[in-house]
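# Observations on the model geometry
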Amino acid sequence: MIELRNVSFAYVSEDVLKDVNLTFGLGVTAIIGPNGSGKTTLLKLAAAIYRPRMGEVLIDGIDPWSASETVRISARRNVVYVHEKPIMLRGSVADNVAYGLRIRNVPAEEVIARTEEALEMLGIKHLANERVQTLSAGQQQKVALARALAVRPKNLLLDEPTANLDKNGRETFMELIKELASRGVCIAIATHDRLLALKLTDKIVLVENKTVTFVESPEYKYTE
Amino acid sequence: MWQEVAEVVMRSLLISGMATVLAASWSIPIAMILTAKESEFRRTLLDVANALVAVPTVIIGLVLYLLFSRSGPLGFFGILYTPIAITIGQAVLITPLIISLSASVLRETKSGIWEMAVSIGATERQALITMVTESFPRLLTTILVGFNRAIGELGVALMLGGNIKGFTRVMTTVIALEVSKGEFEFALTLAGMLLLVTFTVTAIVRKVGKIA
């Protein structure tokens, strides 16, 4: 669970988000809002990538910014944020998927097994030895998702995860998210994809005018 | 003539190569420190490095000459008019250039790779290592630019090396000397060699970068 309490954030001087109070709990939460409203910033704050100017972010009850480095890393490792534009490391697909496991010093045999498992979940096991630079944007997005799933995060934050996926890819992705949510993973998705938001999510958060609002009835909001 | 050309080319490669390795060994860690975290102080240091890129070589040569001359504060080392003096001079000359270019490369990588590494659970140290590893081909290019600047400069080599035949004579100083003597054939041969060396080193480094 990730909790944001009275969080404000500014890139330069003016706040992009102001006095945000929000909890990402169990299930799937969709974050919607116009371009530039602060959806990505909100996710990066929740992932403890950005430090809030004011307020606090609690990851499973721990404020990573006021904790020691060891505790901060440990808290951060419970959250994975996946960028909208997939960020790939040089090397093969398997190297990329295994990255999060290697930095956690997971034993080599387990790295191989969990990498294969994650690749299989995304249906890209056949690409394991391909160089990532040769892949399409959609395939790279799947690799980024597999990299996130390989570390089995408690909290998964996805920024426009279906942006580069085709119809089949989106359907597979939706099934996967449902499965992860049923396993108790807390998932937040920033998206413009209405279908995704309506089909998958239990809660919708609207980011607008520097603040966030819970939308009780997603169908109503979209109709509106 | 060809024996002398070969000797001068080898000496130039050795001195400038050593200077580049030396400069890279401190410039890249400095660039890493300057880009690791944002602060006004670090930004100011980076601005200073950027400004120093444009300092003429003769000024660096003059300052180091005064330091290394017998009556200077570092005169007791007795390295003036030796290849060591040229190596140090060239290393100092290309330091701001390598810092500036490397910092620019690392900053670009930071916004993507650093964030990705941190978001997947890397410690700051692991994220920094990933950032440098991923930037390797581009960092290699910045080092190459430094080498090309070192091997092609004249002021430092002339003032700190003294253009002593068989000892501190390098390609650029020989070209300058031969032109002043009206020996254009030898000067042109060396100029051709200088171009060949820079093109070859560039090609090799690019190939290595691609393989990496």
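For every chain, the first residue of its written sequence is number 1, and the numbers climb from 1 along that sequence. A letter from A marks each chain and a number from 1 marks each ligand, given out in the order of writing. Under the rules for a predicted model, residues below a pLDDT of 70 receive no local features and side-chain atom pairs below 80 are neither given nor counted, while totals for whole chains, interfaces and linings still include all residues.

A few words on the overall build of chain B. The way it works is that DSSP assigns letters per residue, a run of H or I at least four long becomes a helix, a run of E at least two long becomes a strand, and they are numbered from the N terminus. When its secondary structure is counted, chain B shows eight helices and zero strands. Secondary structure of chain B in N-to-C order comes out as α-α-α-α-α-α-α-α. Over its C-alpha atoms, taken along the principal directions, chain B stretches across nearly 65 × 40 × 25 Å. Each of the 212 residues in chain B was classed as buried or not, and the buried ones make up 40%. A pair of residues counts as a contact when their C-beta atoms, built from backbone coordinates, are separated by no more than 7 Å. Considering only contacts in chain B between residues 6 or more positions apart, those separated by 24 or more positions represent 75%. Here a residue counts as buried when 20 or more other C-beta atoms fall within 10 Å of its C-beta, as exposed when 12 or fewer do, and as partly exposed in between; the C-beta atoms come from the backbone.

What follows concerns the sheet that holds strand β4 (residues 54-59) of chain A. All names here are of chain A. Read from one edge of the open sheet, three strands run β2-β1-β4, paired in antiparallel fashion. Since the sheet does not close on itself, it has two edges, and those belong to β2 (15-24) and β4, each with one partner. Neighbour to neighbour, the strand axes of the sheet diverge by 20 degrees on average, direction disregarded. To define axes, lines are fitted to C-alpha atoms, for helices over the stretch in contact only, and angles between the resulting N-to-C directions are given on a 0 to 180 degree scale. Strands in contact with helix α1 (residues 39-46) are β1 (2-10), β2 and β4; relative to β1, the strand with the most contacts, it is inclined by about 125 degrees. Two strands are said to pair when DSSP picks up at least two bridges between them.

Residue and element names in this part refer to chain A. Among the five residues of strand β6 (residues 155-159), five are classified as buried, and the element is accordingly described as predominantly covered. The two faces of β6 match: N155, L157 and D159 on one face and L156 and L158 on the other face are all buried. Strand direction decides the pairing type here: strand β5 (residues 79-82) and β6, joined by four bridges, are parallel. When the sheet's bridge partners are listed, V82 is paired in β6 with L158. In terms of strand pairing, β6 meets strand β7 (residues 186-190) through five bridges, oriented parallel. Its bridge partner lying in β7, D159 is registered against A190. Looking down the strands as they point away from you, a crossover is right-handed if its path from the first strand over the helix to the second goes clockwise. With helix α6 (residues 167-182) bridging β6 and its parallel neighbour β7, the resulting β-α-β unit is right-handed.

To continue, consider the confidence of the model for chain A. Interpretation of this model should avoid reading the predicted coordinates in detail wherever pLDDT is low. You can read pLDDT as the predictor saying how much it trusts each residue, on a scale of 0 to 100. On average, residues of chain A score 90 in pLDDT, and 96% of them are at 70 or above. Confidence, expressed as mean pLDDT per element, reaches its minimum in chain A at helix α8 (residues 218-223) of chain A with 53 and its maximum at helix α3 (residues 93-102) of chain A with 97.

Once that is clear, we can look at the nonpolar core. In these notes, a nonpolar core means any group of buried Ala, Val, Leu, Ile, Met, Phe, Trp, Tyr and Cys residues linked to one another through C-beta atoms within 7 Å. The biggest cluster of nonpolar side chains holds 119 residues, and the ones touching the most others in it are I31(A), A46(A) and L157(A). At 18 residues, the largest contribution of residues to this core is made by helix α4 (residues 83-119) of chain B. With sequence-adjacent residues up to four places away left out, L157(A) is seen in contact with L43(A), A46(A), A47(A), V79(A), V80(A), Y81(A) and A188(A).

On to the environment of E108(B), then. Within the element layout of this structure, E108(B) appears in helix α4. In sequence terms E108(B) and R149(B) are 41 residues apart; their C-alpha atoms lie 24 Å from each other.

All names here are of chain B. Here the expected span of a helix is defined as 1.5 Å times the quantity of residues minus one. Taking 1.5 Å per residue as the helical rise, helix α3 (residues 57-68) with its 12 residues ought to reach 16 Å, and the 16 Å between its terminal C-alpha atoms agrees with that figure. Every buried residue of α3 is accounted for by T57, I60, G61, L64 and F68. The buried residues of α3 all sit within an arc of 100 degrees when viewed along its axis, so they share a single face. Summarising the contacts, the buried residues of α3 are in contact with α4 and α6 (155-161). An arc is given here, and it is the one of the directions from the helix axis to the C-beta atoms.

So, on to the interface of chain B and chain A. Counting from both sides, the interface comprises 12 residues of chain B and, opposite them, 17 residues of chain A. Elements supplying a minimum of two residues to the side of chain B that touches chain A: α4 and α5 (124-152) of chain B. Broken down by element, the side of chain B that touches chain A gets its largest block of residues, six residues, from α4(B). Residues belonging to the side of chain B that touches chain A are distributed by class as follows: five nonpolar, five polar and two charged. Residue polarity follows a fixed list, in which Ala, Val, Leu, Ile, Met, Phe, Trp, Tyr, Cys and Pro are nonpolar, Asp, Glu, Lys and Arg are charged, and the others, Gly among them, are polar.

Let's shift gears to helix α2 (residues 69-76) of chain A. Residues and elements named next belong to chain A. By the burial criterion, the buried members of α2 are I73, A75 and R76. Burial along α2 is one-sided: seen end-on, the buried residues are contained in an arc of 165 degrees. Close packing links the buried residues of α2 with β4 and β5.

Attention now moves to the sheet that holds strand β3 (residues 27-32) of chain A. All names here are of chain A. Read across the open sheet, the six strands follow the order β5-β6-β7-β3-β8-β9; overall the sheet is mixed. Of all the strands in the sheet, just β5 and β9 (211-215) have a single pairing partner and so form its edges. Sheet twist, expressed as the average angle between the axes of neighbouring strands with direction ignored, equals 20 degrees.

Our focus in this paragraph is the environment of V179(B). All names here are of chain B. Take V179: it is sitting in helix α7 (residues 171-181). With 14 C-beta atoms counted inside 10 Å, the residue V179 sits in the partly exposed group. What V179 contacts, discounting residues up to four positions off in sequence, is F184 and A187.

The next thing to look at is the packing of helix α2 (residues 40-52) of chain B against α4(B). All names here are of chain B. One way to put it is that α2 packs onto α4 with a least axis distance of 8 Å and a crossing angle of 125 degrees. Here α2 is positioned oblique relative to α4, judged by the angle of their axes. You can see that α2 and α4 cross each other, and the crossing is left-handed. Residues L46, A49, N50 and L52 of α2 form the contact with α4, whose own contacting residues are P96, I99, S100 and A103. Considering only residue class, the contact of α2 with α4 consists of six nonpolar, two polar and no charged. Working definition: roughly parallel below 35 degrees, roughly antiparallel above 145 degrees, roughly perpendicular at 65 to 115 degrees, and oblique for all remaining angles. Should the near helix be turned anticlockwise from the far one by less than a right angle, the crossing is termed left-handed; should it be turned clockwise, right-handed.

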